[in-house]
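# An overview of the molecular structure
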Amino acid sequence: MRRNSDRKWTVMVVPHGSGSSRAVEVSHAVLKTLVGIGGVIVLLLLVLGGAALSRGVSITKGNMLERENRVLSDEISRMRTRLAGLHDTLSTINQRAQELRVLAGLPPTDSSVVAAGIGGPVGTWSERDSLTASGALGA
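A count of helices and strands for the protein gives three helices and two strands. The proportion of buried residues among the 139 residues of the protein is 3%. Across the protein, the fraction of contacts at a sequence separation of at least 24, relative to all contacts at a separation of at least 6, is 3%. By element, 64% of the accessible surface of the protein is carried by carbon and sulfur atoms, the whole surface being about 12,400 Å².

If you want it as structure tokens, here you go:
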């Protein structure tokens, strides 16, 4: 009975056209070693390819998020500019309201009341009435 180390594989190399054929004998142990090394190389290439693909996706996603962050930052700065203009307008309106109160002979509005945002319109206001009707949270 033959052992595995005695087994041999014969590989025939036959060229196209004219030429002589060649026979190469390979032992079973060498063949197993070559197949093992080939399997490791294929596995290594698959892992490296997957890692490169994953990295490429991460870089693309990072670039997309960076672009979105830039757009949002620009939008925030535009909103801050618009809020600054609105603040200036409200300050002007508040100053004119104080001047009108002085001309009308009314006492000036306390600054803490103005800061709290109290002192708005009086009378009927359907949205305010619907909020008041909804309970303490609406009020």
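Alright, that's what it looks like, and here's the rest.
Taken as a whole, this structure holds one salt bridge when the rule is applied. Between Glu 66 and Arg 70 there is a salt bridge, with the nearest N and O atoms lying 3.7 Å from each other. With Glu 66 and Arg 70 both in helix α1 (residues 28-104) and four residues apart, the pair spans about one turn of that helix. Given the relative accessible area of 45%, Arg 70 is considered partly exposed.

This part covers α1. For α1, built from 77 residues, the straight-helix expectation of 114 Å at 1.5 Å per residue is met to within 8% by its first-to-last C-alpha distance of 111 Å. Gly 105 sits one or two residues past α1 and shows a positive phi near 80°.

Take the environment of Pro 108 next. Relative to the helices and strands, Pro 108 is located in the loop between α1 and α2 (111-116). Look at Pro 108 and you get exposed, because its relative accessible area is 59%. Ignoring anything within four residues of it in the chain, the contact list for Pro 108 reads Gln 98 and Arg 101.

In terms of burial, strand β1 (residues 8-13) is a largely surface element, zero of the six residues being buried. Relative to strand β2 (residues 22-27), β1 runs antiparallel, the two being bridged by six bridges. Across the sheet, residue Val 11 finds its bridge partner in β2, namely Val 24.

With that out of the way, let us pick up the confidence of the model for the protein. Scored by pLDDT, the protein has a mean of 83; 81% of the residues are at 70 or more. Predicted confidence in the protein is weakest over helix α3 (residues 126-133), with a mean pLDDT of 68, and strongest over α1, with 92.

Below, the discussion takes up a nonpolar patch on the surface. A cluster of nonpolar residues, Leu 83, Leu 86, Leu 90 and Ile 93, forms a patch on the protein surface that exposes about 400 Å² of accessible area. With respect to the helices and strands, Leu 90 occurs in helix α1.

Attention now goes to the side chain of His 28. Relative to the helices and strands, His 28 is located in helix α1. A distance of 3.3 Å separates a polar atom in the side chain of His 28 from a polar atom in the side chain of Trp 9.

With that settled, the discussion passes to the environment of Thr 89. In this fold, Thr 89 is placed in helix α1. At 3.0 Å, the side chain of Thr 89 forms a polar contact with the backbone oxygen of Gly 85.

Calculation criteria
- Residues numbered from 1 in each chain as written.
- Predicted model: local features only at pLDDT ≥ 70, side-chain atom pairs only at ≥ 80, totals over all residues.
- Heavy atoms only, no water.
- Helix = DSSP H or I, 4+ residues; strand = E, 2+ residues; numbered from the N terminus.
- Buried < 20%, exposed > 50% of the residue type's maximum accessible area, 1.4 Å probe, protein only.
- Contact = heavy atoms within 4.5 Å.
- Areas by Shrake-Rupley, 256 points an atom, 1.4 Å probe, with all protein chains shown as cover.
- Salt bridge = Lys/Arg side-chain N within 4 Å of Asp/Glu carboxyl O.
- Expected span 1.5 Å × (residues − 1).
- Pairing = 2+ DSSP bridges.
- pLDDT = per-residue confidence, 0-100.
- Patch = residues over 30% accessible without salt bridge, like charges linked within 9 Å, V, L, I, M, F, W, Y side chains within 5 Å.
- Polar contact = N/O pair within 3.5 Å; in protein donor to acceptor, adjacent residues only side chain to side chain.

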